[in-house]
Amino acid sequence: MRHIAVIGSGPAGYYTAEACQKAFGDDCRVDIIDRLPVPFGLIRSGVAPDHQSIKGVSRRYEQVALTDNVRFVGNVSVGRDVSVEELQALYDAVVLATGAPVDKPIGIPGDDLPGVIGSAAFVGWYNGHPDFADLAPALHGPGAVVIGNGNVALDVARILAKDETEFAGSDIVAHALTALRTAEIDTITILGRRGPHQIAMTPKELGELGHLTRAAPVVDPADLPPEADDAALDPGQRKSVTLLREFAKGTTADDKPIRVIFDFFAKPVRIEGEGHVARVIVERTALDSEGRANGTGETYAIPASLVVSCIGYRTPPIPGIPYDDRAGRFANDEGRIAPGLYAVGWARRGPTGTIGTNRPDGFAIAEKIGEDFPAGSGKEGRPGLDSLLASRKVDVVTFRDWQKIEAAEAAAAREGSPREKFTTIEALLGARHSIQN
Ligand code: NAP
């Protein structure tokens with residue numbers, strides 16, 4: 001019997017469990033450990049609340065979770081309740097699927113001013129992550145600046161731009177909906193340090209900006225390269241750039257009260273304000289032959305009460321585990337960190353790709369575990385963890401408990417929403433008892 005502990009219950013964690021289940025069948029027991037009392041990581045706390053079709057993938061993880069060989073061990077913090085070394089002593093394989101939940105720092109003067117936040121915090125806030133429920137972002141307007149030209153920047157800009165009716169059917173939390181309802185932001189500037197050909201925005205997500213009720217995208221035609229140059233782009237990128245060309249025609253901008261301005265070749269160099277952000281100082285850039293953005297020396301100011309940096313994420317290091325500081329993830333060789341210790345998903349390869357990209361990752365790790373452990377090595381596995389956690393009086397949340405929490409959230413939902421998320425650990429733990437079997 002192979003005993004496998006997966007740390008982190010997001011997509012990478014569940015795909016790994018699914019792959020181990022497929023590869024080893026009844027010859028494995030997988031424990032998926034998460035510090036939160038709720039599973040699914042980025043699906044619950046990262047994917048935008050108005051993208052319910054993407055969130056639906058959690059039903060697939062549920063099928064994995066409900067097999068006898070896979071267990072959810074929630075409300076257990078590795079580092080606080082149990083150490084990686086202790087898990088290594090109990091399990092043949094320990095897989096770090098901890099994602100990349102920490103914002104890459106902007107690293108410019110003024111980035112610590114109140115009103116400047118990272119996307120992990122802002123996205124966590126509107127998705128009801130307990131760590132960010134108290135964020136209270138400054139939505140008094142009139143300007144917001146979103147730094148970065150990736151899909152997270154699009155999510156953030158779209159959530160700021162939507163009106164209340166456009167959240168129908170979403171699972172945005174009540175505290176965010178209430179705050180956004182009274183927001184006074186009428187200009188959202190998306191800063192890209194490079195140009196339209198270098199965006200990391202996918203067409204479906206970019207296209208949504210063109211169909212918002214009260215907001216319209218604005219692109220300066222002068223920023224667009226000659227149309228003939230689009231032929232060199234891959235098809236997806238070409239579609240995105242075609243959308244920017246549509247936006248540049250400006251057909252819808254005039255009659256909508258909120259503008260989402262794409263400011264290309266614009267690098268933030270300083271954030272200013274008296275006790276709170278008031279403006280972002282931006283330097284014009286030009287691309288060199290390698291496609292790098294170089295400052296031109298020309299600067300200007302964009303008024304802003306809120307700055308959200310969406311420039312990528314890092315995996316938090318764990319003491320004693322080899323870490324690649326430059327890349328912001330665990331140091332690993334195709335997922336292997338040390339004998340019996342592995343990394344998958346963003347913790348292995350950094351924060352890129354879609355949810356589905358993690359699936360092949362999980363299968364690759366299961367294959368490596370199979371190579372490294374043709375059979376189990378007689379370790380204790382589950383009973384050992386259970387007695388350790390019991391001795392430390394850890395209040396473990398099972399998948400059955402999670403189903404009760406989910407039912408309680410559904411019962412608390414406002415009209416048209418699939419659920420109302422509970423946003424504190426206490427409320428989540430308490431919800432287990434509010435629903436009878
Ligand atoms: P990303 O795709 O890597 O984009 C990061 C952006 O930040 C890039 O435009 C980058 O510009 C810019 N940037 C980095 N450092 C910067 C700096 N110091 N100053 C200014 N700009 C800077 O990351 P992401 O948007 O966080 O997304 C992470 C992953 O999740 C991606 O794979 C994304 O597609 C995925 N995702 C998908 C969806 C969806 O499918 N609906 C939604 C959200 C996220 P350079 O190119 O110049 O470095």
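For the structure itself, consult the block above.
Residues numbered from 1 in each chain as written. Predicted model: local features only at pLDDT ≥ 70, side-chain atom pairs only at ≥ 80, totals over all residues. Heavy atoms only, no water.

Caption draft 1: The sheet that holds strand S9 (residues 215–219), seen in detail. Taken together, the six strands give an open sheet; going across it, the order is S6-S14-S7-S8-S10-S9, and neighbouring strands pair in parallel fashion. Where the open sheet ends on each side, the last strands, each with one partner, are strand S6 (116–118) and S9. The average undirected angle you get between the axes of adjacent strands in this sheet is 20°. Where strand S7 (residues 143–147) meets strand S14 (residues 306–309), four bridges bridge the pair, whose relative direction is parallel. When the sheet's bridge partners are listed, Val145 is paired in S14 with Val307. (Pairing = 2+ DSSP bridges. Helix = DSSP H or I, 4+ residues; strand = E, 2+ residues; numbered from the N terminus. Axes fitted to C-alpha atoms, helices over the stretch in contact; angles between N-to-C directions.)

Caption draft 2: Fine view of the site of the ligand. Around the ligand sit 21 residues in total, of which Asn149, Asn151, Arg193, Arg194 and Gly353 are the nearest. At a separation of 3.3 Å, a nitrogen atom of the ligand approaches a polar side-chain atom of Lys104. At a separation of 3.1 Å, an oxygen atom of the ligand approaches a polar backbone atom of Val152. Considered on its own, the ligand offers 910 Å² of accessible surface; in the complex 79% of this is hidden by protein. (Near = heavy atom within 4 Å. Polar contact = N/O pair within 3.5 Å; in protein donor to acceptor, adjacent residues only side chain to side chain. Areas by Shrake-Rupley, 256 points an atom, 1.4 Å probe, with all protein chains shown as cover.)

Caption draft 3: Up close: the layout of surface pockets. Its boundaries defined by the atoms lining it, the second largest pocket holds a volume of some 180 Å³. Lining the second largest pocket we find 15 residues, and of these Ile43, Lys55, Ser58, Glu406 and Arg419 sit closest to its centre. Put simply, the parts of the chain that give the lining of the second largest pocket at least two residues each are helix H2 (41–45), helix H3 (52–55), helix H4 (58–65) and helix H14 (399–411). Ranked by the residues each element gives to the lining of the second largest pocket, the list is headed by H4, at three residues. Taken together, the residues that form the lining of the second largest pocket break down as four nonpolar, three polar and eight charged. (1 Å grid on protein atoms, 1.4 Å probe; cavity = no way out; pocket = protein on both sides within 12 Å on 5 of 7 lines; lining within 4 Å. Points joined across faces, edges and corners; volume = space filled by probe spheres on them. Nonpolar A, V, L, I, M, F, W, Y, C, P; charged D, E, K, R; others polar.)

Caption draft 4: Up close: the pattern of salt bridges. Under the criterion given, the structure shown has 38 salt bridges. Between Glu62 and Arg59 there is a salt bridge, with its nearest N and O atoms 2.5 Å apart. Here Glu62 and its partner Arg59 are both found in helix H4, three residues apart, which amounts to about one turn of the helix. Looking at Arg59, the relative accessible area reads 40%, which means it is partly exposed. Of the charged contacts in the structure, one is a salt bridge between Asp171 and Arg419, with a shortest N-O distance of 2.5 Å. Of this pair, Asp171 sits in the loop between helix H7 (151–161) and helix H8 (174–181) while Arg419 is found in the loop between H14 and helix H15 (425–431), placing the two residues 248 residues apart along the sequence. Among the residues examined, Asp171 registers a relative accessible area of 2% and is labelled buried. (Salt bridge = Lys/Arg side-chain N within 4 Å of Asp/Glu carboxyl O. Buried < 20%, exposed > 50% of the residue type's maximum accessible area, 1.4 Å probe, protein only.)

Caption draft 5: Quick look at the sheet that holds strand S11 (residues 266–272). Taken in spatial order, the three strands make up an open sheet running S11-S12-S13, and their pairing is antiparallel. Each end of this open sheet is capped by a strand with a single partner; those strands are S11 and strand S13 (293–303). Sheet twist, expressed as the mean angle between neighbouring strand axes with direction ignored, is 25°. Where S11 and strand S12 (residues 279–287) come together, six bridges link them in antiparallel fashion. Opposite Pro268, over in S12, you have Val282 as the bridge partner.

Caption draft 6: Structural view of the nonpolar core. Formed by 43 residues in total, the largest nonpolar core has its most connected members in Tyr126, Val156, Leu160, Ile188, Ile190, Leu244 and Phe262. Excluding anything up to four places from it in sequence, Val156 contacts Phe122, Val123, Tyr126, Val146, Val308 and Cys310. Of all hydrophobic cores here, the second largest spans 42 residues; its members include Cys20, Val30, Phe40 and Phe373. (Core = buried A, V, L, I, M, F, W, Y, C linked by side-chain atoms within 4.5 Å. Contact = heavy atoms within 4.5 Å.)

Caption draft 7: Layout of the side chain of Thr189. The residue Thr189 is located in strand S8 (residues 187–191) in this model. Apart from residues lying up to four places away in sequence, Thr189 is in contact with Ala144, Val145, Val146, Ile261, Asp263 and Ile302.

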